[in-house]
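# Coordinates in review
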Amino acid sequence: MGETIVITSGKGGVGKTTATANIGAGLALLGHKVALVDADIGLRNLDVVLGLENRIVYDLVDVAHGHCRLKQALIRDKRFEGLYLLPAAQTKDKTAVNPEQMREICQELKKEFDYVIVDCPAGIEQGFRNAIAGADRAIVVTTPEVAAVRDADRVIGLLEAAGLNEPKLVINRLRPKMVRQGDMMDIEDILDILAVDLLGVVPEDERIIVSTNRGEPIVQERNSLAAEAFRNISRRILGEPVPLLDLESNGNLLVRLRKMLGLG
Amino acid sequence: MDLWQIVNRLLSRSGAGSKEIARERLRLILVHDRASVSPELLEHLKRDLLQVISRYMEVEERGLEIELASQEDTVALVASIPIRRVKRAVKVAPV
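How each quantity is defined
For every chain, the first residue of the written sequence is number 1, and numbering continues from 1 onward in sequence order. Numbering of ligands from 1 and lettering of chains from A proceed in the order in which they are written. The predicted origin of the model limits local features to residues at a pLDDT of at least 70 and limits the giving and counting of side-chain atom pairs to 80 or more, whereas totals for whole chains, interfaces and linings rest on all residues. Processing note: side-chain calculations cover all non-hydrogen atoms of the structure and skip hydrogens and water entirely. The secondary structure listing takes helices from DSSP runs of H or I that are at least 4 residues long and strands from runs of E that are at least 2 residues long, numbered from the N terminus. For the exposure calls, accessible area comes from a 1.4 Å probe over protein chains only, and a residue counts as buried if that area is under 20% of its type's maximum, exposed if over 50%, partly exposed in between. For two strands to count as paired, DSSP must find a minimum of two bridges between them. Residue contacts follow a heavy-atom distance rule, with two residues in contact if any of their heavy atoms lie within 4.5 Å. Under this scheme, a helix contributes an axis fitted over its contacting stretch, all axes are lines through C-alpha atoms, and angles between N-to-C directions fall in the 0 to 180 degree range. A pair of aromatic rings is counted whenever rings of Phe, Tyr or Trp (Trp by its six-membered ring) have centres within 6.5 Å, and the orientation is called stacked for planes under 30 degrees apart, edge-to-face for over 60 and tilted otherwise. We call a charge positioned above a ring when the Lys NZ or Arg CZ atom is no farther than 6 Å from the ring centre and deviates by at most 35 degrees from the ring normal. UniProt positions are given in the numbering used here, feature names are shortened, and annotations may be inferred rather than shown by experiment. Each reported salt bridge corresponds to a side-chain nitrogen of Lys or Arg within 4 Å of a carboxyl oxygen of Asp or Glu. In this tally Asp and Glu are treated as negative and Lys and Arg as positive; neither His nor the chain ends contributes. Any pair of N or O atoms that falls within 3.5 Å is considered a polar contact. Within protein, one atom must be able to donate a hydrogen and the other to accept it, and sequence-neighbouring residues count only if both atoms are side-chain atoms. Should the near helix be turned counterclockwise from the far one by less than a right angle, the crossing is left-handed, whereas a clockwise turn marks it as right-handed. Polar here means any residue other than Ala, Val, Leu, Ile, Met, Phe, Trp, Tyr, Cys and Pro, which are nonpolar, and Asp, Glu, Lys and Arg, which are charged; Gly is therefore polar.

Another aspect to go through is the overall build of chain B. A count of helical and extended segments in chain B gives 3 helices and 4 strands. Written out in order from the N terminus, the α and β elements of chain B read α-α-α-β-β-β-β. A buried classification covers 15% of the 95 residues belonging to chain B.

Below you can see the structure in the form of structure tokens.
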């Protein structure tokens, strides 16, 4: 029996869908069978981020209403052995599925897959309640900004009220240079305020935009710190104690100079 | 603050880093967000408070008032608890 993990954030635009795609692909690269579920009905994105938008025949709503079997709606990602996508419907709205149906679908998927990763829509309305209904644990994605952390705090409260205790935090789009200059909240500031455990920190990386343009998860790229961060997050989900990335060691001359001078 | 930060701050046109501002604003926002508690929670808190205080003194239960008062930068728990009688001998468990 597998496990269902919901990836949520409250605020939109913090990189939830990118995180879902890369964590899912990362777990698949580590040899696990993974089903990604796009719970953002009416505004589906996960298919596009994964580059699978042209292969959709059936979707989550079709499965929930019995228009097709679950297996018919699952799209196999040919690039990642063991990675599958259950896309959201684009033409319906959030009321087309209820929490009970989501719970059943997740339960069904868990029989076949090691991990079921649910990409939660932004907000805390019905779409959120649907997405968390079948989850065993939760990941909250935030960025080092006041609005994003505030929404993360609200979502953590709602997750705990729903029985999803101790959600884990991913801090996305951290800019080490700005942190160093005192112009961005650092990891400790955020953890201190939210009082949750850290699952990983993903640095801002332009290559994420390139990989999203192409519809390819970045996670298998070798020269990207963000990719490495996502690989580490996947390993931590499996329970491996992977140390945090040294975000300073990206070969920047100034950084190396600072290190040499003992200012690092 | 290490030397590097000081140098950075001197070089940056904006003066002090905006991180401190962000952190302080966030702290205040969350104090207010988290203070909007449900009446149900307040009712539980009232009951627990009564239980604890009754160990030390007799209180007038009906006169008890409790609320969260928010001011600009703080939220305070304000409780008004009329006391009938303070107990003469109180058994206190060793701390």
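With that settled, consider the sheet that holds strand S7 (residues 168-174) of chain A. Residues and elements named next belong to chain A. Pairing in this open sheet of 8 strands is mixed, and the strands run S3-S4-S2-S5-S1-S6-S7-S8 from one edge to the other. Since the sheet does not close on itself, it has two edges, and those belong to strand S3 (75-76) and strand S8 (197-203), each with one partner. With 6 bridges joining them, S7 and S8 adopt parallel strand pairing. Residue pairing across strands places Ile171 opposite Val201, the latter belonging to S8. Contacting strand S1 (3-8), strand S5 (115-119), strand S6 (137-142), S7 and S8, helix H11 (residues 225-237) runs over the sheet at an angle of about 160 degrees to S8.

Here the focus is unusual backbone geometry. Residues and elements named next belong to chain A. Of note in this structure, Glu166 is not a glycine but carries a positive phi near 50 degrees. Here Glu166 shows up in the loop between helix H7 (146-161) and S7. Judged by its relative accessible area of 58%, Glu166 is exposed. For Ala195, which is not glycine, the phi dihedral falls at a positive 55 degrees. The class of Ala195 is exposed, set by a relative accessible area of 65%.

As enumerated under the stated definition, the model contains 1 aromatic pair over all chains in all. Over the aromatic face of Phe113 of chain A sits the side chain of Lys33 of chain A, whose NZ or CZ is 4.9 Å from the ring centroid.

The next point concerns the UniProt feature "binding site: ATP" (unreviewed entry) in chain A. Residues and elements named next belong to chain A. Mapped onto this numbering, the UniProt entry annotates "binding site: ATP" (unreviewed entry) at Lys11, Gly12, Gly13, Val14, Gly15, Lys16, Thr17 and Thr18. Secondary-structure assignment places Thr17 in helix H1 (residues 16-29). As for its position among the elements, Thr18 is in helix H1. Take Thr18: its relative accessible area is 16%, and that puts it in the buried class.

This next bit is on the environment of Ile117 of chain A. Residues and elements named next belong to chain A. If you trace the backbone, Ile117 turns up in strand S5. Given the relative accessible area of 0%, Ile117 is considered buried. Taking the C-alpha atoms as reference points, Ile117 and Ala21, 96 residues apart in sequence, are found 9.0 Å from one another. Apart from residues no more than four positions distant in its own chain, Ile117 is found in contact with Ile5, Ile7, Thr20, Leu27, Val34, Ala35, Leu36 and Val37.

Our focus in this paragraph is the pattern of salt bridges. Tallied over the entire structure, the rule returns 23 salt bridges over all chains. Arg103 of chain A is paired through a salt bridge with Glu100 of chain A; the nearest N and O atoms lie 3.1 Å apart. Of this pair, Arg103 of chain A and Glu100 of chain A both sit in helix H5 (residues 99-112), separated by 3 residues, roughly a single helical turn. Judged by relative accessible area, Glu100 of chain A falls into the partly exposed class, the value being 41%. Asp186 of chain A serves as the salt-bridge partner of Lys19 of chain B, at 3.2 Å between the closest nitrogen and oxygen. With Lys19 of chain B in helix H2 (residues 19-35) and Asp186 of chain A in the loop between helix H8 (176-180) and helix H9 (187-194), this pair bridges two chains. Here the salt bridges do not stand alone but share partners, grouping Asp186 and Asp189 of chain A together with Lys19, Glu20 and Arg23 of chain B into one network.

What follows covers the side chain of Lys16 of chain A. Residue and element names in this part refer to chain A. Structurally, Lys16 can be placed in helix H1. Put simply, Lys16 is tucked away with no salt bridge, and the nearest opposite charge, on Asp119, sits 5.6 Å away. A polar contact of 2.8 Å, which involves the side chain of Lys16, links it to the side chain of Ser9. With sequence-adjacent residues up to four places away left out, Lys16 is seen in contact with Ile7, Thr8, Ser9, Lys11, Asp119, Cys120, Pro121, Ala122 and Val141.

The subject of this paragraph is the packing of H1 of chain A against H11 of chain A. All names here are of chain A. The geometry of H1 relative to H11 is characterised by a closest axis approach of 8 Å and an angle of 65 degrees between their N-to-C directions. Our pair here, H1 against H11, has a crossing hand that is right-handed. Counting all contacts with H1, which are made through Ala19, Asn22, Ile23, Gly26 and Leu27, the residues of H11 involved are Phe230, Ile233, Ser234 and Ile237. In terms of residue class, the contact of H1 with H11 is made up of 6 nonpolar, 3 polar and no charged.

Residue and element names in this part refer to chain A. Among the 8 residues of helix H6 (residues 126-133), 6 are classified as buried, and the element is accordingly described as predominantly covered. Among all positions of H6, only Gly127, Phe128, Asn130, Ala131, Ile132 and Ala133 are buried. The elements touched by buried residues of H6 are S1, H5, S5 and H7.

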